Amino acid sequence: MKRVWAVAAVALLVSACGDEPSGPANLNGTVTTGGVPLGALVVEISGRDIGRVEGVGETRAVAEHQTADTKRAILVSATGEAMRFTVHVEDQSLGSPTVAIIGAIGLENQPITNLTGIRVGIER
């Protein structure tokens, strides 16, 4: 009986550890436009230990901290196509940051007031 409890305890400990990666990582961000030609998008990224935000490919990014756990970034595209970027986090086990769209500008440098269809996602 003691052996059964010992095996059960070890199994419980192993399952509690999980296999979530930890440590620093670059998370991949994508913006889908829903057919809206975007020139720039302002997003607010919230989460713990957020580092730099960098554009990928044709996308350029400028970012600065608003608070300890929030960074505001401007993503710029010359083509109006879907944008790609990375977000560096110090510990990926803390989960993916959340993103809120603050504003958007079209390719003709005019504000986009209807943000329906524009989506931003961040994943490993």
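Structural data are supplied above this passage.
Residues numbered from 1 in each chain as written. Predicted model: local features only at pLDDT ≥ 70, side-chain atom pairs only at ≥ 80, totals over all residues. Heavy atoms only, no water.

Caption draft 1: Fine view of the pairing of strand E2 (residues 38–46). Note: E2 against strand E7 (residues 98–106), eight bridges, orientation antiparallel. Considered in E7, the bridge of Leu 38 is made with Gly 106. (Pairing = 2+ DSSP bridges. Helix = DSSP H or I, 4+ residues; strand = E, 2+ residues; numbered from the N terminus.)

Caption draft 2: Summary view of the side chain of Thr 86. You can see Thr 86 is positioned in strand E6 (residues 83–89). Owing to a relative accessible area of 13%, Thr 86 belongs among the buried residues under this scheme. Leaving out residues up to four positions away in the same chain, Thr 86 has contacts with Asn 26, Leu 27, Asn 28, Arg 52, Val 53, Glu 54 and Val 56. (Buried < 20%, exposed > 50% of the residue type's maximum accessible area, 1.4 Å probe, protein only. Contact = heavy atoms within 4.5 Å.)

Caption draft 3: Examining the sheet that holds strand E1 (residues 25–32) more closely. The four strands lie next to each other as E3-E6-E1-E8, forming an open sheet whose pairing is antiparallel. Two strands close off the open sheet at either side, each with one partner strand: strand E3 (50–56) and strand E8 (119–123). Averaged over all pairs of adjacent strands, the angle between their axes in this sheet comes to 25°, without regard to strand direction. Bridge count between E3 and E6: five bridges; the pairing is antiparallel. Its bridge partner being in E6, Val 56 is matched across the sheet by Arg 84. (Axes fitted to C-alpha atoms, helices over the stretch in contact; angles between N-to-C directions.)

Caption draft 4: Structural view of the pairing of E6. Burial within E6 is extensive, with six of its seven residues counted as buried. Sheet topology places E1 next to E6; seven bridges connect them, and they run antiparallel. Within the sheet, the bridge partner assigned to Gly 29 lies in E6 and is Phe 85.

Caption draft 5: Looking closely at the nonpolar core. One finds Val 31, Leu 38, Leu 41, Ile 45, Phe 85 and Val 87 to be the most contacted residues of the largest nonpolar core, which totals 19 residues. Elements supplying a minimum of two residues to this core: E1, E2, E3, strand E5 (70–77) and E6. In this structure, Val 31 is in contact with Leu 38, Leu 41, Leu 75, Ala 82, Met 83, Phe 85, Ile 118, Arg 119 and Val 120, ignoring residues within four places of it in sequence. (Core = buried A, V, L, I, M, F, W, Y, C linked by side-chain atoms within 4.5 Å.)

Caption draft 6: Fine view of the sheet that holds E5. Strand order in the open sheet made by the four strands is E4-E5-E2-E7, with antiparallel pairing throughout. Since the sheet does not close on itself, it has two edges, and those belong to strand E4 (59–67) and E7, each with one partner. Each neighbouring strand pair of the sheet contributes to a mean axis angle of 20°, computed without reference to strand direction. The pairing of E2 with E5 spans seven bridges and is antiparallel. Bridge pairing in E5 links Ser 46 to Thr 70.

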